[in-house]
Amino acid sequence: MTDDIRNIVLGVVAAGVSASLGWLARTYLWRRRLRRKQAFFGLPGNSECLLVVNREAGGDGAVHRHDVFALLELSALIKDCGAHAEIVQHDTARQGFGERTEFCVGGPASNRRMAAHLSSLLPGVKVNTEPEPKAERGAFRIGPERYLAEPGVAEYVLLARLTAGEGERPVFLFCGQRAITNQAASRYLARHHEKLARKYGGNAFCLLLKVVNSQAYGPDVVELVADVTRAAQQPVPVAD
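Just so you know, these numbers come straight off a predicted model, no measurement behind them.

Asker: Help me understand the layout of surface pockets, please; the structure alone is not making it clear to me.
Answerer: Unfilled space is identified by rolling a water-sized probe across the atoms. Each pocket or cavity is described by its volume, and for the second largest pocket that value is around 220 Å³. In terms of lining residues, the second largest pocket is bounded by Arg33, Arg36, Lys37, Ala39, Phe40, Arg161, His193, Glu194, Ala197, Arg198, Gly201 and Gly202. The dominant element in the lining of the second largest pocket, judged by the number of residues it contributes, is helix 1 (residues 3-41), at 5 residues. For the lining of the second largest pocket, the residue count by class is 3 nonpolar, 3 polar and 6 charged.

Written out as structure tokens, the structure is:
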């Protein structure tokens, strides 16, 4: 074997070894990221979860199109984790929490399940579900602070990851003042779940997000207003 042939053979072997090591490294990193994602969402491979949907205000069992878009965003996350989703209407989801991961979409006015979760898990959050006066409709009160909606200009949504029950699988809440804010929160979670997982790990959190100028930008421009976990989990004192 001449030196030229030997060099060619050694080059091919080295390239093969480098390619194999690179593939192994990428596979290891991909699997580690997948495990972290599955742990954050409580969705190990082949597990089951719930997608709890609301109804459109004034509709007969219809789901608002922006809430449908929110479900599509969440379905992609669930599929990436190798899990399976069961879609149920808010008024037929009669089970506890902790056994299966749950994604609950919609405000308490259109989603009874959301109303129950707020009462049980976030007693410091109050949402105005009265239709009048119009300016107060959908307003949030979190502790001492109030957040009014300016439709199409500035609207708020709560994004929460909470744990309760024996199974300790998380419940994700997307509680917005309008359907488009629910979609904005689901998109925010899809984009920032790695950052949220690094910051909170398996701990509960409740974030207040503001959707800016949705009439022009849709659900894409979202600002983090505050982490309101502590205030949201503390019951509101009863006035004398």
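Asker: What should I look at first to understand helix 4 (residues 179-200) in this one?
Answerer: Every α-helix winds through 3.6 residues per turn, so residues three or four apart in the chain are directed the same way. The end-to-end C-alpha distance of helix 4 is 27 Å, clearly below the 32 Å that 22 residues give at a rise of 1.5 Å each. If you look at helix 4, its biggest bend is around 70°, right at His192. In the segment just after helix 4, Gly201 is the residue with positive phi, at about 60°.

Asker: Could you clarify how one ought to interpret the packing of aromatic side chains in this entry?
Answerer: Within the structure shown, the criterion is met by 8 aromatic pairs. When the centroid spacing of 5.3 Å and the interplanar angle of 55° are considered together, the rings of Tyr147 and Tyr156 count as tilted. With respect to class, Tyr147 is no different from Tyr156; both count as buried. Every member of this aromatic cluster is reached through a ring pair, and the members are Phe40, Phe41, Phe103, Phe172, Tyr200 and Phe205. Across from the ring centre of Phe40, 5.3 Å away, lies the NZ or CZ of Arg161, which sits over that ring.

Asker: Explain helix 2 (residues 65-80) to me, please; I cannot follow it from the model alone.
Answerer: With 16 residues, helix 2 extends 23 Å between its outermost C-alpha atoms, agreeing within 8% with the 22 Å of an ideal straight helix rising 1.5 Å per residue. Of the positions making up helix 2, those classed as buried are His66, Asp67, Ala70, Leu71, Leu74, Leu77 and Ile78. With its buried residues spanning 145° around the axis, helix 2 presents them on a single face. Residues of helix 2 that are exposed and point more than 90 degrees away from the buried face comprise Arg65, Leu72 and Lys79. At the C-terminal side of helix 2, Gly82 shows a positive phi close to 75°.

Criteria and cut-off values
- Residues numbered from 1 in each chain as written.
- Predicted model: local features only at pLDDT ≥ 70, side-chain atom pairs only at ≥ 80, totals over all residues.
- Heavy atoms only, no water.
- 1 Å grid on protein atoms, 1.4 Å probe; cavity = no way out; pocket = protein on both sides within 12 Å on 5 of 7 lines; lining within 4 Å.
- Points joined across faces, edges and corners; volume = space filled by probe spheres on them.
- Helix = DSSP H or I, 4+ residues; strand = E, 2+ residues; numbered from the N terminus.
- Nonpolar A, V, L, I, M, F, W, Y, C, P; charged D, E, K, R; others polar.
- Expected span 1.5 Å × (residues − 1).
- Bend = angle between axes of the 7 residues up to and from the residue.
- Phe/Tyr/Trp six-rings, centres within 6.5 Å; stacked < 30°, edge-to-face > 60°.
- Buried < 20%, exposed > 50% of the residue type's maximum accessible area, 1.4 Å probe, protein only.
- Lys NZ or Arg CZ within 6 Å of the ring centre and 35° of its normal.
- Arc of directions from axis to C-beta.

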